[in-house]
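The chain contents come next:
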Amino acid sequence: MFNILLILGAILLIVILLVVFRVHTLVNVMRGSDKGKIGTSNKVNAFLFLVFLLGGFGLFFWYSYTHFDYYTLPVASEHGVLTDNLFWVTTAICGFVFIVTNFLLFYFPFRYQYKEGNKATFYPDNSKLELIWTIVPAIVLSILIFYGWKVWSDITDVAPEEAEVVEIMGYQFAWKTRYPGKDKSLGNYDFRLIDAENLFGMDFRDKASFDDFSPREVHLPKGKPVLFKIRARDVLHSVFAPHFRLKMDAVPGMPTRFWFVPTKSTQDMRDELGNPEFNYEIACTEICGRGHFSMRLVVVVDEPEEYDKWYNEQEPWLSKNPHYLAKVPNNLKELALLKAGLDKMPR
Amino acid sequence: MEAIDIKSREGEIHHGDYEQMEHHHESFLTKYIFSTDHKTISKQFLISGIFWALIGGSLSIVFRLQLGFPDLNLQWLQPVLGGWITETGKLDTEFYLAMVTMHGTIMVFFVLTAGLSGTFSNFLIPLQIGARDMASGFLNMLSYWFFFASSVVMLTSLFIETGPASGGWVIYPPLSALPQAMSGSGLGMTLWLVSMALFIISSLLGSINYITTVINLRTEGLSMTRVPLTIWAFFLTAVIGVLAFPVLFSAALLLIFDRSFGTSFFLSEIYIAGEALPNVGGSAILFQHLFWFLGHPEVYIVLLPALGITSEIIATNSRKPIFGYRAMIGSLLGITILSFVVWAHHMFITGMSPFLGTIFMFLTLIIAVPSAVKVFNYLTTLWKGNIIFTPAMLFSIGLVSFFISGGITGIYLGNTAIDIQLHDTYFIVAHFHIVMGSASFFGMVAGIYHWFPKMFGRMMDAKLGYIHFWVSFVGVYMVFFPMHYIGMAGFPRRYYSFTNFDAFSGFTDMNMMISTAAIITFGAQLLFVFNFFYSIFKGRKATANPWGSNTLEWTAPIKPGHGNWPGKIPLVYRWPYDYSKPGAKEDFIPQNVPFSQTPESNLPHEKDPEETPGDEGAIVLDEAKE
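Conventions we followed
- Residues numbered from 1 in each chain as written.
- Chains lettered and ligands numbered in written order.
- Predicted model: local features only at pLDDT ≥ 70, side-chain atom pairs only at ≥ 80, totals over all residues.
- Heavy atoms only, no water.
- Contact = heavy atoms within 4.5 Å.
- Buried area = accessible area lost by both parts, 1.4 Å probe.
- Salt bridge = Lys/Arg side-chain N within 4 Å of Asp/Glu carboxyl O.
- Polar contact = N/O pair within 3.5 Å; in protein donor to acceptor, adjacent residues only side chain to side chain.
- Helix = DSSP H or I, 4+ residues; strand = E, 2+ residues; numbered from the N terminus.
- Pairing = 2+ DSSP bridges.
- Axes fitted to C-alpha atoms, helices over the stretch in contact; angles between N-to-C directions.
- Expected span 1.5 Å × (residues − 1).
- Buried < 20%, exposed > 50% of the residue type's maximum accessible area, 1.4 Å probe, protein only.
- Phe/Tyr/Trp six-rings, centres within 6.5 Å; stacked < 30°, edge-to-face > 60°.
- Lys NZ or Arg CZ within 6 Å of the ring centre and 35° of its normal.

Visitor: So what about the interface of chain A and chain B? Which residues, and what values?
Guide: A common way to express how large an interface is: the accessible area buried when the components associate. Contacts between the two partners involve 107 residues from chain A and, on the opposite side, 125 residues from chain B. Across the chain A to chain B interface the summed buried area is about 10200 Å²; carbon plus sulfur atoms make up 69%. Our enumeration of links across chain A and chain B arrives at three salt bridges. One salt bridge in this structure joins A:R290 and B:D92, with 3.8 Å as the shortest N-O distance. At the boundary of chain A with chain B, the tally comes to 37 residue pairs in polar contact (both at pLDDT 80 or more). No other element matches the 16 residues that helix α4 (residues 78-111) of chain A contributes to the side of chain A that touches chain B.

Set out below in C-alpha cells:
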C-alpha cells in the first residue's frame, strides 16, 4: 500500500513538474523573452561561476586543513618518509597550478561575461607565450621526474644482504607467510606440490625447507631491512601495507619482491596514535574475486630483541606436520629430523 | 599527393547532385534503420549512447548505495536484480564486482567511445569539411550495426545466471581466464570477449572511414591548417583507434585461446580449486602490456573528441578566435604520439622491471606538457572575450576545470615512487573519473547542446540546460573530489565494504555524502534526457546559425537532407576562427565568406586565391604546396 502511494506521489510530482515546464515555455514564447539573444541568465551564470569558485575553494581549504590528520596516514618505514616528502613537494607545485588555473578559469567568465556593445579582443596567437608555457611546465616536470627517479631507484634497489626474508603468498582469499627458519634460507617450492595442508607447495627434497616456519601472525623487526618475497598461487593479488607505503602485486608464476625498513614498532605506533588497539595491516589491492575486500593480514613490528625471541620460538612447519617427513628423501631424513626439531620418525 | 587530388575530385563528381540523392526512394527501413546517411547514423550512435549511459549510471548508483549505506536493506531491488540480492537484503559480493566491471566497460567503451566518437565524428566530419557524406556510407552503416550487435551481446550478459564479467573492466587474467576463480569468469566473460570483438570491428570500420573522409573529402580551400579543431581531434582519435584497438583484439583473442583451447599465454603455475593446472610458461603481465597498449590510448580516444568539441564551443561563445590554433594542433599531435608510449604507467607495481618503470615515468610526465599548453590556451581564449553562457559553453568550461583538476593528479600517479602508495586506491578512482570520465562526458553533453539545432532543427531548453549543468558540475566535484582524501588514507578500490580493516574504518560519513551526491547528479541527467527527447519533438524551432558560428555546418539548411547542401558544396576561404575581427561588421565571419567581401577586416596577408573559385582544379590547395 505504502509503495503504491509512493509511486503515485512520484508520478504526481513528475506531472506537476512537466506542467510547470510547459507553462514556463509558453510564457516565454508569449513574452518573446527567449528571442532576445542574451538575457539575465547570462549574468546569473557568470555570477554562479564566482560563487562556485569561492565556495569550492572554501570547502577545499577548510577540509584539507581541519581534517589533515584524518586523511593522512602516519608513516612507519624509511622509504615511506621519502615518498611522503615527494608527495608533498608535488602537492605544493600542483596545488599552486591547480589554484591559479582554476581561479582564472572561473574568474574570466565572470569578468568577461557578455556585455551589450562590447567586442571581444581579436587575439589569435602569440608564439612567445606558447613557448613560455611549454618550457616552464617542461622544466618543472623534469625536476619532479628527477626527484621521483632518485626516490624510486633507492626503493627498488637490491635489498641488503642481511635483510630478514619473509615469503608472503596470496590466495583466494587470504595471505600466508613463510619464514626461512634458523638456517635463514627459504626452501624451494613447486605449485604441483600444493595440497590442503602444504599451502605453499614446499618441496621437502630441498633441505632448506626443513626448518621453514609459517606463523599465524607476521612479525617484523623494527629498524632492520625486511625483504618481502611475494607470490600468488591462483590469481593476481597485491600486497598493500598502507603504513609502510608498500605495495607490490602478487603474480602466479612470477615472484616479485619489495624491501623496506620498518621504523616504528606496533607499540610505538599505539603510543603515537593514542590507540591501544592499533595494528599494522596488509590488504589486497588487486581485484581477486568475491573475498577481495577481506584479505586482511595483521603485521606486528617488534623491537629487534623481541623479534629474535619470537623468531627462535617458532616451530618449523615440518614439526607441526610430521607426516610430511615421508616426502623427504631417505638420505636427508636424519637432517630433516634434526632441523625440524623432531626426535624420531612419526609412526 | 596527386592520387589524393584526383580522388577528391572524383568524390566531388560522384556526390555531385544533391537533388538526385534527396529524391531516392527511401523506405522507413533505409531511412531510419539501415541508413547510410552519416547524420542518421550519428543519431543512432547518440541515442544508443544515452541508453548505455543510463544503464552504466544506474549500475554505479546501486554500488554507491552499497558503499555509502552499507546497512541499507536492498530488498526492493529484488524484482530487478533477483538472486543477486541475498536473503538479508544485501548485495551479493560477487555481483558488486560485476557491477563495477560492467560500469567501467559500459562507460569507457559504449558511452564515451561509441557514444562520443560515433556521434560527433559521424555528424561533424562531413558537415564541417564540406562533404556530401562519409567516404563509405556502407561501411559507416556496418560500423553502427556491429556496435549494435556488440551492445546486444553485452546487454545479454547482464542477465545470465552466472552473472556478467566481474574481474574489473581491465579483465586481468588469471582471474578472467578461470571460471573456478569467480562465477563471472564463466559465460559472462565469454560474452564480454565476443562483445568486445564486435565492438572493435565497429570501431575500426568507423575510424577508417573518418580518416579517409578527412583526408580525401575536404572541400576546396579547406586545407588541414584551416579545418576546425574538432576535425583535427576526430581525425587523430581515429588514428589512435586504428593503431590501438587491434592490439586489444589480439589480447582478447589470446585470452579466448587460454580460456577455451588450453593454451598458456597468460597462465602459469596456478593452483586453484584444489588442483594444480597444467599451464606453465605464460605471463600474466603480458596481458597487461597488451591491454594497456590499447587501454591508455583509449583514454585519449575518449578525451580528444571532447577537447575538440570544447575548443570549438569555447571559441564560438567567447566570440574570440581559439588562442594558438597551431599550438592546439601541435598539442593534439603531441598527445596522440605520446599516448602510445606511456601505457606501462598503469603497471608500475606489477613486478615489471623498475628500470622500465623509470622510462615510463619519464614519458608519462612529458605528456603533461601538451596538456598544460591546451589549458593555458583555453584560458587565454576566455581572456578578454565577450562570453555568452549557452549550456554548451557552461559544460565546456566545466570540462576544462575537470581537465585541470584531474590532469594534475596524474602528475602524482605518473611518478613511480608516489604511485606505490596511491595505486589502486580511491585516489586513482578520483583521478580518472574526473579527467577522463567526467571531462569526456561533459564534452559529449556540450556537443549535444551545441549541435542539437543542427541535428534536429530545434533548440533544447536553455534553462533546463543551466540547471542540468550546475547540478552536474557541483555534483561531479562532490562525488569525486572527496575521493582524493579517501585515497590518500589508503582505501583500496573495488572493495565491497571496509569493515574488515582497522585502517579503513573511517570516512563512513564521507562515503554517505558521496553516494547522496551521486544520486542527485544522476537525477540531473534524467532532466537532460527529458530535455533531449522533449526538444526533438516540441523544442523551439532553430534558426540557421543560432550561435553565430563560423564553421561550415551552419551554412547547410536547418535540416540538411542526404547530401547536406542543396546545390554546390560551399568553398572555404579562411580559417574557422574569425570571431570579433577588428573592422568586421559582425562579430563572426563564416569560413565560406571570401576575403574579397570583407576588405574592411582583412589582415595584410589575407587575400583570395588568384583564380575564380569553382574552376575545376584551379585552386592550389595548401596541402599540394607542402
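That was the structure; now back to the text.
Visitor: Before we move on, can you summarise the sheet that holds strand β6 (residues 246-250) of chain A with the specific residues and values?
Guide: Residue and element names in this part refer to chain A. Taken together, five strands build an open sheet; the order of strands is β3-β9-β8-β5-β6 and the sheet is mixed. The sheet terminates laterally at β3 (218-221) and β6, the two strands that pair on one side only. Averaged over all pairs of adjacent strands, the angle between their axes in this sheet comes to 25°, without regard to strand direction. Summarising the sheet, strand β5 (residues 237-241) and β6 pair through five bridges and their orientation is antiparallel. Looking across to β6, one finds that V239 is bridged to M248. Packing against the sheet, helix α7 (residues 304-313) makes contact with β3 and β9 (297-302), and its axis sits at approximately 135° to β3.

Visitor: Describe helix α4 (residues 38-68) of chain B, and please don't skip the residues or the numbers.
Guide: Here α4(B) is 31 residues long and its end C-alpha atoms lie 43 Å apart, about the 45 Å a rise of 1.5 Å per residue gives. Where burial is concerned, most of α4(B) is hidden: 26 out of the 31 residues are buried.

Visitor: Residues and numbers for the packing of aromatic side chains, please.
Guide: All names here are of chain A. As enumerated under the stated definition, the model contains 112 aromatic pairs over all chains in all. Consider the rings of F244 and F260, whose centres lie 5.1 Å apart with planes at 40°: the pair is tilted. With F244 in the loop between β5 and β6 and F260 in strand β7 (residues 256-260), this pair connects stretches of sequence that are 16 residues apart. Taken individually, F244 and F260 each receive the classification buried, so the pair is uniform in this respect. In this structure, R178 is placed above the aromatic ring of F200, and the distance from its NZ or CZ to the ring centre is 5.5 Å. Here the basic side chain of K184 rests over the ring of Y311, its NZ or CZ set 4.0 Å away from the ring centre.

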